[in-house]
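Descriptive structure summary
The residues making up each chain are set out below.
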Amino acid sequence: MWPGVEPFGIVGAYDPVTGAYVERLASAFEQALAAMALARYASCPGVEAERGSVARRRARAILEDLARVEAGEIDARKDVVSSAACIVALTELGDESLQGNERLERLGACLETLEGAWIEGEGFDPGLPAGSQGLLALAKLRSARFSANPEGVEEDAREWILAAYRETASGVLVSQMPWLGWASVELAARRGERVAAADTLREMRDLVWDHQLRVIDLDPAEQDLAGGIVFTRGPTPLPTWLAVRPLAFIATMLGHPELTGGTLSAG
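Residues numbered from 1 in each chain as written. Predicted model: local features only at pLDDT ≥ 70, side-chain atom pairs only at ≥ 80, totals over all residues. Heavy atoms only, no water.

**Some details on the overall build of the protein**
The test is simple: A run of H or I in DSSP becomes a helix once it reaches four residues, and a run of E becomes a strand once it reaches two; helices and strands are each numbered from the N terminus. Exposure categories follow from relative accessible area, calculated using a 1.4 Å probe and restricted to protein chains: below 20% of the type maximum is buried, above 50% is exposed, and the middle band is partly exposed. Note on areas: these come from Shrake-Rupley sampling with a 1.4 Å probe, and a residue is covered only by the protein chains present in the view. Only four residue types enter the charge count, namely Lys and Arg as positive and Asp and Glu as negative; His and the chain termini do not. For this purpose, a charge sits on NZ of Lys, CZ of Arg, CG of Asp or CD of Glu.
Within the protein, the regular secondary structure consists of eleven helices and four strands. Seen along its three principal axes, the alpha-carbon backbone of the protein occupies a region of about 55 × 50 × 45 Å. A burial count over the protein gives 43% of its 267 residues as buried. Working note: accessible area of the protein is about 14,700 Å², and carbon and sulfur atoms make up 53% of it. Charged side chains in the protein number 25 positive and 39 negative. The centres of these two groups are separated by 4 Å.

**Remarks on the packing of aromatic side chains**
Convention followed: Pairing of aromatic rings covers Phe, Tyr and Trp, the last counted by its six-membered ring, and requires centre-to-centre distances within 6.5 Å; plane angles under 30 degrees mean stacked, over 60 mean edge-to-face, and any other angle means tilted. Charges are assigned to positions over rings by a cutoff of 6 Å between ring centre and Lys NZ or Arg CZ, combined with an angular limit of 35 degrees from the ring normal.
Tallying each qualifying case throughout the model produces six aromatic pairs. Here the aromatic cluster, defined as three or more aromatic residues joined through ring pairs, consists of Trp118, Phe124 and Trp160. For Arg40, the ring lying beneath its charged end belongs to Trp182, and the centroid distance is 4.1 Å.

**Considerations on helix H11 (residues 244–254)**
We apply this condition: This arc describes the spread of directions from the helix axis toward the C-beta atoms. In this analysis, two residues are considered to be in contact whenever any of their non-hydrogen atoms come within 4.5 Å of each other.
When we look at burial in H11, the residues that qualify are Pro246, Phe249, Ile250 and Met253. On an axial view of H11, the arc spanned by its buried residues comes to 110 degrees, and they lie on one face. Away from its buried face by more than 90 degrees, H11 exposes Val244 and Leu254. If you follow the buried residues of H11, they end up packed against helix H9 (179–191) and helix H10 (198–210).

**Overview of the state of the cysteines**
Note the threshold: To count as a disulfide, a pair of cysteine sulfur atoms needs to be within 2.5 Å.
Scanning the entire structure with this criterion turns up zero disulfides. Summary of cysteine pairing: Cys110 is not part of a disulfide, and the nearest cysteine sulfur, belonging to Cys86, is at 4.4 Å. The class for Cys110 is buried, based on a relative accessible area of 0%.

**Regarding the environment of Glu23**
Tracing the chain through its elements places Glu23 in the loop between strand E2 (20–21) and helix H1 (28–42). Sequence separation of Glu23 and Gly12 is eleven residues, and the distance between their C-alpha atoms is 4.4 Å. Not counting residues up to four positions away in its chain, the partners in contact with Glu23 are Val11, Gly12 and Ala13.

**Some details on the packing of helix H7 (residues 133–142) against helix H8 (residues 150–166)**
As a reminder, the rule being used: In this analysis, axes come from line fits to C-alpha atoms, helices being fitted only over the stretch in contact, and the angle between any two N-to-C directions falls in the range 0 to 180 degrees. By definition in this entry, angles of less than 35 degrees are roughly parallel, angles greater than 145 are roughly antiparallel, angles of 65 to 115 are roughly perpendicular, and the rest are oblique. Note on residue classes: Ala, Val, Leu, Ile, Met, Phe, Trp, Tyr, Cys and Pro are nonpolar, Asp, Glu, Lys and Arg are charged, and everything else, Gly too, is polar.
Relative orientation of the contacting elements H7 and H8 amounts to 170 degrees, with a least axis distance of 8 Å. Relative to H8, the element H7 lies roughly antiparallel. Counting all contacts with H7, which are made through Gln133, Gly134, Leu136, Ala137, Lys140 and Leu141, the residues of H8 involved are Val153, Glu154, Asp156, Ala157, Trp160, Ile161 and Ala164. When its residues are assigned to classes, the contact of H7 with H8 shows eight nonpolar, two polar and three charged.

**Some words on the packing of H7 against H9**
Rule in force here: Crossing handedness: left-handed means the near helix sits turned counterclockwise from the far one by under a right angle, and right-handed means the same turn made clockwise.
Orientation of H7 relative to H9, taken along the N-to-C sense of each, is 30 degrees, at an axis distance of 7 Å. Taken together, H7 and H9 sit at an angle that is classed as roughly parallel. Here H7 and H9 pass one another in a crossing that is left-handed. Facing Gly134, Leu135, Ala137, Leu138, Leu141 and Arg142 of H7, the residues of H9 in contact are Trp179, Leu180, Trp182, Ala183, Glu186, Leu187 and Arg190.

**Some points on the nonpolar core**
Filter applied, for reference: Buried residues of nine kinds, namely Ala, Val, Leu, Ile, Met, Phe, Trp, Tyr and Cys, make up a nonpolar core once their side-chain atoms join them within 4.5 Å.
Within the largest apolar cluster, 66 residues are counted, with the highest numbers of intra-cluster contacts made by Leu63, Phe124, Leu136, Trp160, Leu201, Met204 and Phe249. In terms of residues, this core owes the most to one element, helix H3 (residues 80–93), which gives ten residues. With residues near it in sequence (within four places) discarded, Leu201 still touches Tyr165, Met177, Gly181, Ser184, Val195, Phe249 and Met253.

**Description of the environment of Leu238**
Relative to the helices and strands, Leu238 is located in the loop between H10 and H11. Taking relative accessible area as the criterion, Leu238 reaches 51% and is therefore assigned exposed. It is 45 Å that separates the C-alpha atoms of Leu238 and Gly152, two residues lying 86 residues apart in sequence.

**Let's talk about the pattern of salt bridges**
Side-chain pairing between opposite charges can occur once the charged atoms of the two side chains come close. The condition that has to hold: A side-chain nitrogen of Lys or Arg and a carboxyl oxygen of Asp or Glu constitute a salt bridge if their distance falls within 4 Å.
All told, the structure shown has twelve salt bridges when counted by the stated rule. The partner of Glu258 in a salt bridge is Arg194, with the nearest N and O atoms 3.7 Å apart. In this pair, Glu258 sits in the segment after H11 while Arg194 sits in the loop between H9 and H10, placing the two residues 64 residues apart along the sequence. A relative accessible area of 64% places Arg194 in the exposed class.

**Focus on helix H2 (residues 49–67)**
The condition that has to hold: What a helix is expected to span follows from its residue count: subtract one and scale by 1.5 Å.
For H2, spanning 19 residues, the distance from its first C-alpha to its last is 27 Å, which sits close to the expected 27 Å at 1.5 Å a residue. Taken as a whole, H2 has its buried residues at Gly52, Ala55, Arg56, Ala59, Ile62, Leu63, Glu64, Asp65, Leu66 and Ala67.

**Focus on a nonpolar patch on the surface**
To keep it simple, the criterion reads: Each patch is assembled from residues with relative accessible area greater than 30% and no salt bridge, linking like charges that lie within 9 Å and nonpolar side chains (Val, Leu, Ile, Met, Phe, Trp, Tyr) that lie within 5 Å.
Residues Phe231, Trp241, Leu242 and Val244 make up a contiguous nonpolar surface patch of roughly 420 Å² in combined accessible area. According to the relative accessible area criterion, Leu242 is partly exposed, its value standing at 40%.

And the structure:
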């Protein structure tokens, strides 16, 4: 968290080698992502009540600070990707954290910003950042919680999800994870349907494993990299944080019988 009295949320990326922060403040998107992760952690089964409560308070505090734009800060409500992340984070917090909270209510403008990502009769705005459509589709689906016509919003979200699949080549579908995968699973659960893109998502998982480094392919000095995921064919490929994107959804797939078949009984 920001150490001063200003409502700046959280500080930027930390360099463990130098012991310094690379950026003074995290971006609006990074802050919303952190709030989302903390809120999700707070509701995980098995988390101690006190730890969960602290995580939820921190998540709410980050979003409240995002809603107060100070000099030198970028307004999350004016950026479509940051707005989408804020919407998802707000829905992770739960209704009890939103009711009567004037600061969080200011983030309602994110819903209007999100709508600007879609051009009626055409699809996603072609000027959107690459790999953002999955997050936008999930945010659209989650925005049904704030609508007087949730069924209509869910139907629109279905179009956004399908468009994200159409516009993303199978070889780079990992760039839309975990958001597009979560949106697909959530929409199917809400409607009591099968996951429409189940086969495509399993193919994505197979592609990830195809890019996993194996011990037999590594020099003796590099065998600590075994198991890492590398999506580049460069001369000195190394695993990076980008592998977290598909792995976050693959974790969801492992607990979903339709996406990961097996005979293991929950009982």
